[in-house]
Amino acid sequence: QKEVEQNSGPLSVPEGAIASLNCTYSDRGSQSFFWYRQYSGKSPELIMSIYSNGDKEDGRFTAQLNKASQYVSLLIRDSQPSDSATYLCAVKRAGSYQLTFGKGTKLSVIP
Amino acid sequence: GAVVSQHPSRVICKSGTSVKIECRSLDFQATTMFWYRQFPKQSLMLMATSNEGSKATYEQGVEKDKFLINHASLTLSTLTVTSAHPEDSSFYICSARVELGYEQYFGPGTRLTVT
């Protein structure tokens, strides 16, 4: 069974701080990685995709990938209360278009 | 861009009836669409992968005769829950893969309640 692991949280950070969300995966053949944000009662929204080792920045978001350690992270700078949501890590299964999702980390940004 | 719509957003039906959910990619063609189910406070569970013009591929444990999927065009996939029972009550979400990429964009979801 291919696994994607995330700390379920909740992770609480004060407004303006950096939130760090982590994800590990077991399938060493995985090549594509995604972060989704899901507000309560809503469907997931794609935030970032990352395919190569290193950092990828988009506005206040930075995704980090380390394939050797099988580790993906998402940093949110200048966290806002509107960032409070569950963040889902997803890994594309090798040889298919399907994604395996982690159970998500609940982030709470305290004003 | 990459907008996916889903209809209806919410449906209540009686046990034993069938419900059809539509998923449309509005501004792109989606060769592959996916159907997920999410129970409260749980993560997404992939039910099936739908490819335009071919039969859907179901995940282990998902009854293909109960959850009928049709992907008749590059912009439309439908999920029909047949003979629904209260245990089928859940949040059903579709997603569509953009061509030439791996990103999946999700529809807003359909909340099904079976009474």
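Since this is a predicted model, take the numbers as computed values, not measurements. (Residues numbered from 1 in each chain as written. Chains lettered and ligands numbered in written order. Predicted model: local features only at pLDDT ≥ 70, side-chain atom pairs only at ≥ 80, totals over all residues. Heavy atoms only, no water.)

Any chance you could break down the overall build of chain B for me, citing the residues and the numbers?
Within chain B, the secondary structure is distributed over zero helices and 11 strands. What you see in chain B, going N to C, is helices and strands ordered as β-β-β-β-β-β-β-β-β-β-β. Taken over the C-alpha trace, chain B has a radius of gyration of 13 Å; the compact-globule value for 115 residues is 13 Å, and the two agree within 12%. Sequence-distant contacts in chain B: of pairs separated by 6 or more residues, those separated by 24 or more amount to 54%. Here chain B displays about 5,600 Å² of accessible surface, and carbon together with sulfur accounts for 51% of that area. (Helix = DSSP H or I, 4+ residues; strand = E, 2+ residues; numbered from the N terminus. Rg over C-alpha atoms; globule rule 2.2 N^0.38 Å. Contact = heavy atoms within 4.5 Å. Areas by Shrake-Rupley, 256 points an atom, 1.4 Å probe, with all protein chains shown as cover.)

Hey, could you go over the interface of chain B and chain A for me, with residue numbers and the actual values?
Every contact between the two is made by 21 residues of chain B and, on the other side, 20 residues of chain A. Overall, the association of chain B and chain A removes approximately 1,600 Å² of surface from exposure, summing both partners, and the carbon and sulfur fraction of that is 57%. Residue B:Glu59 is joined to A:Arg93 by a salt bridge in which the shortest nitrogen-to-oxygen separation is 3.4 Å. Residue contributions to the side of chain B that touches chain A peak at four residues, all from strand E4 (residues 32-38) of chain B. Tallied by class, residues from the side of chain B that touches chain A come to 10 nonpolar, seven polar and four charged. (Buried area = accessible area lost by both parts, 1.4 Å probe. Salt bridge = Lys/Arg side-chain N within 4 Å of Asp/Glu carboxyl O. Nonpolar A, V, L, I, M, F, W, Y, C, P; charged D, E, K, R; others polar.)

So what's going on with the packing of aromatic side chains? Which residues, and what values?
Within the structure shown, the criterion is met by 10 aromatic pairs over all chains. Consider the rings of A:Tyr51 and B:Tyr102, whose centres lie 6.4 Å apart with planes at 55 degrees: the pair is tilted. Of this pair, A:Tyr51 sits in the loop between strand E5 (45-50) and strand E6 (54-58) while B:Tyr102 sits in the loop between strand E9 (90-97) and strand E10 (104-106), on two different chains. Relative accessible area serves as the criterion here: at 33%, B:Tyr102 is assigned to the partly exposed category. Ring geometry for B:Tyr36 and B:Phe106: centres 5.4 Å apart, planes at 45 degrees, overall tilted. Taken as a pair, B:Tyr36 in strand E4 and B:Phe106 in strand E10 lie far apart in primary sequence, 70 residues in all. (Phe/Tyr/Trp six-rings, centres within 6.5 Å; stacked < 30°, edge-to-face > 60°. Buried < 20%, exposed > 50% of the residue type's maximum accessible area, 1.4 Å probe, protein only.)

How would you explain the sheet that holds strand E1 (residues 4-7) of chain B if you had to name every residue and give the values?
Residue and element names in this part refer to chain B. The four strands are arranged E1-E3-E8-E7 in an open sheet whose pairing can be described as antiparallel. Looking at which strands have only one partner, the edges of the open sheet turn out to be E1 and strand E7 (67-73). Across the sheet, the axes of successive neighbouring strands diverge by a mean angle of 15 degrees, strand direction being ignored. Both strand E3 (residues 19-25) and strand E8 (residues 76-81) contribute to a ladder of six bridges, which runs antiparallel. Bridging across to E8, isoleucine 21 finds its partner in leucine 79. (Pairing = 2+ DSSP bridges. Axes fitted to C-alpha atoms, helices over the stretch in contact; angles between N-to-C directions.)

Outline the environment of A:Pro14, supporting the account with residue identities and numerical values.
One can find A:Pro14 in strand E2 (residues 11-14). Expressed as a C-alpha distance, the spacing of A:Pro14 and A:Pro44, which sit 30 residues apart in the sequence, is 24 Å.

Any details on the state of the cysteines? Residues and values, ideally.
Scanning the entire structure with this criterion turns up two disulfides over all chains. Each disulfide pairs two cysteine sulfurs, and for A:Cys23 the partner residue is A:Cys89, the sulfurs being separated by 2.1 Å. In this structure the cystine formed by A:Cys23 and A:Cys89 twists about its S-S bond by roughly -70 degrees; its chirality is therefore left-handed. Here A:Cys89 lies in strand E9 (residues 85-92) and A:Cys23 lies in strand E3 (residues 19-25), a separation of 66 residues in the sequence. Two residues, B:Cys23 and B:Cys94, share a disulfide whose sulfurs are 2.0 Å apart. (Disulfide = S-S within 2.5 Å.)

Quick rundown of the sheet that holds E3(A)? Include the residues and the values.
Residues and elements named next belong to chain A. What the five strands build is an open sheet, ordered E1-E3-E8-E7-E6; its pairing is antiparallel. The strands lining the two open edges of the sheet, one partner per strand, are strand E1 (4-6) and E6. Going across the sheet, the axis of each strand differs from the next one's by a mean of 20 degrees, ignoring polarity. Pairing of E1 with E3 involves three bridges; the strand directions are antiparallel. Bridge assignment links glutamine 6 to a residue of E3, and that residue is cysteine 23.

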